[in-house]
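Survey of secondary and tertiary structure
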Amino acid sequence: MSEQSLLRVESLKKYFPYRKGFGRTKNYIRAVDGISFDVRLNSVFAIVGESGSGKSTVANLILRLTEPTEGKIYFKESDVLAYRHKSLREYRKSVQMIFQDPYASLNPRMRIIDVLGEPFKIHGIPQNGGLKKNVLDLLERVGMGADSLNKYPHEFSGGQRQRICIARAIAVSPELLIADEPLSALDVSIQAQILNLFHKIKEESAISFIFISHDLKVVRFFSDEVAVMYLGKFVEQAKTEEIFSTPLHPYTKLLIASAPRLRKKQDKSKTGILYTGVSSHEVQSQIAAPSGCLFHPRCPERIAICSREHPQTKDIKGRLVSCHLF
Amino acid sequence: MVINIMNGALLNVQNLSVLLKADGAELPLVSDVSFEIKHSEVFGLVGESGCGKTLTALSILRILPQNIASRGKILFGGKELLSLTEESMRSLRGKDIAMIFQEPMTSLNPVLRVGYQLKEAILSHSDISKSDALARSVELLKAVGIPSPELRINDYPHQLSGGMRQRVMIAMAISSNPSLLIADEPTTALDVTIQAQILQLLQQLKRERKMAILFITHDLSIISEQADRVAIMYAGRIIELAGVDELFNNPLHPYTQGLLASLPGEKGVLLKPIPGFVPNPGNLPEGCKFAERCNLTDKNCVSYEPELREISTNHYVRCIKCQNKVS
């Protein structure tokens, strides 16, 4: 399994310290609390979860934008946390990031030719045919024309800006793209354009993805494997089809039941049966994390042990679940 | 274009246009919008950002910014809202027509306890004592599913989660038993499990209180579950209007079809997105506003703008390519 693994994460932890009131005792928010996973070559690994579950912190840790408290990250079997200066720069060339908000992630004072030329300059990539040609090639790959070259970001719509962000990320021919909610700022018809673009890039250049999203429809469409994250931990991890056809963890079931579905058939009882199993509880906060299983206060299937002990992660026919029911 | 005014309509919007006034000129942002909402029905208004959904809602309550004007007629309970005096509008706003917004944090005052804010809303529309208003606040919080409401009324907004804040906003909106609730993207800022709870709550309140809801969203799945009738908006116009089952089973306008084809379905099957992007309101094409993104476009489409026509019973479409099925 590990031969084909591109990126491997082992019991990764990130605790952020905070102080309560004026107290001297230091407490920790366990933003990421011991997660492990493999991103296989030319595959899409999705992380789903609600806000505050730690999805984005995982992305930041992998890129070493924040340093982990504990754990290991291996990129093609070499220790990412040991990288310094040159090797870190080399690594960041191989692993690129696309952010949620294309309005905030482009410098408003830079023209597109400068935005897209910068990665070539930073990483000292030889420019055959000149910088302009490279940038034009990039624009073409993301479906944009040469007329964009001398424009500024504000002259583009959200979808076009996201295309520019994608062009910037693939400029340096990365092996892994981390996309953190890349569609949530976009309208439905534009989302579909960008999703198709991701699909095309994946097919063309054999790039692997870590795809972070809260939108289950999109994850189901695009990913090969899914990890469901809840308060810093993975509660379930499996192949995409398996997660959606037979969710095991009660939280996964809740997420899938909560997602609105397009209803085409006449369904008179729709208000009655809608969202069965939707619990009335709110997401717990990291600060007041419950004892035992973090999900137990919201769980419709909880048993006595759930409030006392945190469940171990178990391997159920190749799927990883952490729940006392299994 | 006038849609038949059926008896029992609660709200009737006729030929509404919304204009941005700038440099002595008027830029139309919403044009020729007509629809009606019946008693205790959920009417969905769907479209992508900038299509005029929210402007339409704000016109109904007359809370548009100063440089934006609305024209046309909005009939509600025998009154024409756009010609009402500000004073009578104020007594109607929040009492007969209430509104909840997308972002529950910015809609609540951060320095006042939620109980106080609720009490204030109740007292502004009814003549009861302060202690009765407080008791009513507790009742309302209970009605929207907030646990231990007698303690929660003493909380400040920041002590509540996003879902709880939206519940408080809903409690405030229903405090005077409005006959119409305008919900503008009420769950967009919420997580999916919380969103399901709030949608369930809105359905329950609608049933219990026989309240009509104007539900504004960009999410087709939500509207297919929530609404009784749906209008799809594009570039400031309604381009299709029908009952929810008819609209999703038999979408006729190419834009509606394109939106539905844009939703991710089977894994790996490429989506069919609508090409191009929404035109800028200052730079709309001459004829059909969707013509340049549509694959059925011919010379007639670009020469004049189509009307919203009734294609089959109660199914209206703004497209000349749609064949009339009404005899």
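Residues numbered from 1 in each chain as written. Chains lettered and ligands numbered in written order. Predicted model: local features only at pLDDT ≥ 70, side-chain atom pairs only at ≥ 80, totals over all residues.

What about the overall build of chain B?
- Helix and strand content of chain B: 12 helices and 12 strands.
- For chain B, whose C-alpha radius of gyration is 21 Å, the value lies close to the compact-globule estimate of 20 Å for 327 residues.
- The principal-axis extents of the C-alpha atoms in chain B amount to approximately 70 × 50 × 45 Å.
- The buried share among the 327 residues of chain B stands at 46%. (Helix = DSSP H or I, 4+ residues; strand = E, 2+ residues; numbered from the N terminus. Rg over C-alpha atoms; globule rule 2.2 N^0.38 Å. Buried ≥ 20, exposed ≤ 12 C-beta atoms within 10 Å, placed from the backbone.)

With respect to the overall build of chain A
- Across its full length, chain A carries 10 helices and 12 strands.
- Counting every position in chain A, which comprises 326 residues, the buried fraction comes to 41%.

Focus on unusual backbone geometry
Residues and elements named next belong to chain B.
- Within the chain, Ser-40 stands out as a residue other than glycine whose phi angle is a positive 45 degrees.
- With respect to the secondary-structure elements, Ser-40 resides in the loop between β2 (25-38) and β3 (42-46).
- Within the chain, Glu-185 stands out as a residue other than glycine whose phi angle is a positive 45 degrees.
- The exposure class of Glu-185 is partly exposed, given the 18 C-beta atoms found within 10 Å.

Some remarks on the sheet that holds β2 of chain B
Residues and elements named next belong to chain B.
- The antiparallel open sheet is built from 4 strands, whose spatial order is β2-β1-β4-β5. Looking at the sheet topology across the chains shown, the edges are occupied by β2 and β5 (79-80).
- Relative to β2, strand β1 (residues 9-22) runs antiparallel, the two being bridged by 10 bridges. Bridge pairing links Lys-21 to Glu-26 in β2. (Pairing = 2+ DSSP bridges.)

Concerning the confidence of the model for chain B
All names here are of chain B.
- Averaged over all residues, the pLDDT of chain B is 91; the fraction at 70 or higher stands at 97%.
- Taken together, the stretch residues 1-6 has pLDDT below 50 and engages in 12 contacts with residues farther than four places along the chain or on a different chain.
- Listed scores for the predicted complex are pTM 0.87 and ipTM 0.81. (pLDDT = per-residue confidence, 0-100. Contact = placed C-beta atoms within 7 Å.)

Overview of the sheet that holds strand β7 (residues 176-180) of chain A
Residues and elements named next belong to chain A.
- With mixed pairing, 8 strands are arranged side by side in an open sheet as β6-β7-β8-β3-β9-β10-β12-β11. The sheet is open, and its two borders are formed by β6 (95-98) and β11 (313-316), each paired with just one other strand. For this sheet the average axis-to-axis angle between neighbouring strands, irrespective of direction, equals 20 degrees.
- Note: strand β9 (residues 225-230) against strand β10 (residues 233-239), 6 bridges, orientation antiparallel. Bridge assignment links Val-226 to a residue of β10, and that residue is Ala-238.
- Sitting on the sheet, helix α5 (residues 158-170) is in contact with β6 and β7, with an inclination near 175 degrees to β6. (Axes fitted to C-alpha atoms, helices over the stretch in contact; angles between N-to-C directions.)

Examining the packing of helix α3 (residues 112-122) of chain A against helix α4 (residues 130-141) of chain A
Residue and element names in this part refer to chain A.
- Here α3 crosses α4 at 105 degrees, and the two axes come no closer than 9 Å. Here α4 runs roughly perpendicular to α3, going by the angle between their axes. Contacts between α3 and α4 pair Ile-113, Leu-116, Gly-117 and Phe-120 from the former with Leu-131, Lys-132, Asn-134, Val-135 and Leu-138 from the latter.
- Tallied by class, residues from the contact of α3 with α4 come to 6 nonpolar, 2 polar and 1 charged. (Parallel < 35°, antiparallel > 145°, perpendicular 65-115°, else oblique. Nonpolar A, V, L, I, M, F, W, Y, C, P; charged D, E, K, R; others polar.)

Comments concerning the pairing of β11 of chain A
Residues and elements named next belong to chain A.
- Of the pairings in the sheet, the one linking β11 to strand β12 (residues 319-322) comprises 4 bridges and is antiparallel in character. Residue pairing in the sheet places Thr-313 in a bridge with Ser-322 of β12.
- Counting the residues between successive antiparallel strands, the hairpin from β11 to β12 contains 2 residues, one of them, Lys-317, with a positive phi of roughly 50 degrees.

Focus: the interface of chain A and chain B
- Listed as interface residues are 38 residues of chain A and, on the opposing side, 36 residues of chain B.
- Taken together, the elements giving at least two residues each to the side of chain A that touches chain B come down to α6 (188-205), α7 (216-222), α9 (250-258) and α10 (270-273) of chain A.
- Among the elements that line the side of chain A that touches chain B, the one with the most residues is α6 of chain A, at 9 residues.
- Partitioning the side of chain A that touches chain B into residue classes produces 15 nonpolar, 14 polar and 9 charged.

Structural notes on the packing of α5 of chain A against α6 of chain A
Residues and elements named next belong to chain A.
- The interhelical angle for the contact between α5 and α6, taken along N-to-C directions, is 15 degrees, at an axis separation of 10 Å. Between α5 and α6, the angle is such that the two are roughly parallel. When you trace α5 past α6, the crossing you get is right-handed. Between α5, through Gly-158, Gly-159, Gln-162, Arg-163, Ile-166 and Ile-170, and α6, the contact on the second element is made entirely by Ile-190, Gln-193, Ile-194, Leu-197 and Ile-201.
- For the contact of α5 with α6, a count of residues per class yields 6 nonpolar, 4 polar and 1 charged. (Left-handed = near helix turned anticlockwise from the far one by under 90°.)

Points about helix α11 (residues 254-261) of chain B
- Every buried residue of α11 of chain B is listed here: Pro-254, Tyr-255, Thr-256, Gly-258 and Leu-259 of chain B.
- Residues of α11 of chain B that are buried make contact with α6 of chain A together with α9 (220-226), β9 (229-234) and β10 (237-243) of chain B.

Here's the deal with the pairing of β9 of chain B
All names here are of chain B.
- Counting buried residues along β9, 6 of its 6 residues qualify, which places the element largely inside the surrounding structure.
- Of the two faces of β9, the one carrying Arg-229, Ala-231 and Met-233 and the one carrying Val-230, Ile-232 and Tyr-234 are both buried.
- In this sheet, β9 lies alongside β3 in parallel orientation, the contact comprising 4 bridges. From the neighbouring strand, Val-46 faces β9, where its bridge partner is Ile-232.

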